[in-house]
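What follows is each chain in one-letter form.
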Amino acid sequence: DVKVTQSSRYLVKRTGEKVFLECVQDMDHENMFWYRQDPGLGLRLIYFSYDVKMKEKGDIPEGYSVSREKKERFSLILESASTNQTSMYLCASSPNGQGYNSPLHFGNGTRLTVT
Amino acid sequence: DQQVKQNSPSLSVQEGRISILNCDYTNSMFDYFLWYKKYPAEGPTFLISISSIKDKNEDGRFTVFLNKSAKHLSLHIVPSQPGDSAVYFCAATPGSRFGNEKLTFGTGTRLTIIP
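Owing to the predicted nature of the structure, the values given are computational and were not obtained by experimental measurement.

Some words on the interface of chain B and chain A
In step 1: Contact residues are listed per partner, giving 23 residues for chain B and 23 residues for chain A.
In step 2: Counting the surface lost from both chain B and chain A, the interface buries some 1,900 Å², and carbon and sulfur atoms represent 59% of this.
In step 3: It is B:P44, B:K102 and B:F105 in chain B that bury the most area against chain A; as a group they hold 26% of the surface buried on that side.
In step 4: Between the two partners, chain B and chain A, sit 0 salt bridges.
In step 5: The tally of links between chain B and chain A comes to 4 residue pairs in polar contact (both at pLDDT 80 or more).
In step 6: At the level of secondary structure, the elements contributing two or more residues to the side of chain B that touches chain A comprise β4 (32–38), β5 (45–51) and β9 (86–93) of chain B.
In step 7: Here the residues of the side of chain B that touches chain A sort into 10 nonpolar, 8 polar and 5 charged.

Description of the nonpolar core
In step 1: B:F33, B:W35, B:L73, B:L75 and B:Y88 are the most contacted members of the largest nonpolar core, which has 23 residues in total.
In step 2: Mapped onto this core, the elements with two or more residues apiece are β3 (19–25), β4, β5, β7 (62–67), β8 (72–77), β9 and β11 (109–114) of chain B.
In step 3: Per-element accounting of this core gives the leading share, 4 residues, to β9(B).
In step 4: With near-sequence residues (within four places) excluded, B:F33 lies in contact with B:Y25, B:I48, B:S49, B:I50, B:L66, B:L73, B:A91 and B:A92.
In step 5: Of all hydrophobic cores here, the second largest spans 20 residues; its members include A:L11, A:V19, A:Y47 and A:F74.

The rules behind each value
- Residue numbers run consecutively from 1 along every chain, following the written order of its sequence.
- Throughout, the order in which chains and ligands are written sets their labels, letters from A for the former and numbers from 1 for the latter.
- Local features in this predicted model are restricted to residues of pLDDT 70 or higher, and side-chain atom pairs are both shown and tallied only at a pLDDT of 80 or more, whereas totals for entire chains, interfaces and linings draw on every residue.
- Where side-chain values are given, they derive from all heavy atoms of the structure, hydrogens and water being excluded.
- Should any heavy atoms of two residues lie within 4.5 Å, those residues are considered in contact.
- Here the quantity called buried area is the total loss of accessible area, with a 1.4 Å probe, experienced by two parts when brought into contact, counted for both.
- When a carboxyl oxygen of Asp or Glu is within 4 Å of a side-chain nitrogen of Lys or Arg, the pair counts as a salt bridge.
- Two N or O atoms count as a polar contact when they lie within 3.5 Å, although within protein this holds only if one can serve as hydrogen donor and the other as acceptor, and sequence-adjacent residues are included solely when both atoms are side-chain atoms.
- By the criteria applied, helices consist of DSSP H or I runs no shorter than four residues and strands consist of E runs no shorter than two, each listed in order from the N terminus.
- Three residue categories are used. Nonpolar comprises Ala, Val, Leu, Ile, Met, Phe, Trp, Tyr, Cys and Pro, charged comprises Asp, Glu, Lys and Arg, and polar comprises the others, including Gly.
- What is meant by a nonpolar core is a set of buried Ala, Val, Leu, Ile, Met, Phe, Trp, Tyr and Cys residues, joined one to another through side-chain atoms within 4.5 Å.
- Each residue gets one of three labels from its accessible area relative to the maximum for its type: buried under 20%, exposed over 50%, partly exposed in between, using a 1.4 Å probe on protein chains only.

Printed below as a string of structure tokens:
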């Protein structure tokens, strides 16, 4: 089974702090993704990566950056955390894109609270 | 602009009866549709999918129906079991021969199965 591991289940950070959310997958998947889940808004794509050192913006990239130095690891960075970034963050991976033949495998999420 | 809509935030169904979860979309370019299931404190897991060349796909107790002209899909669960209590997200993608088109998720429907 594919395992996607997010380093923290819960995080509490202060406004203005730099925050790192880490994600590791163990199935040699090419593609990795960061989503946030908010009530009434569903899952929204922040950033994704199809290869090492490659990144593409999703639907809501503002206030975030990412890093993919190794194939198995994809980090989400909040350069200066703000209260509107309080959310559940979900990392996912897939072998080929995210369509019909290649469903996403998600981690268990990191609930981030910014105070 | 919410391109994938799940208009029912919640649904309660008696155990053993049929659960029907609905999803509407506005983007006529969407060609592949997926359903994900999410338990509390876990990441979403892929449940079932359908291509636009089909109008029905079945997997055990789960059947997805697609009505392209109405831009509507539905997930039927029969018979419903207590373990089906979860949040269900529908998702859509234009797809491509490279399989790397972004998924757009709906807002989710919380299904509760009453024993």
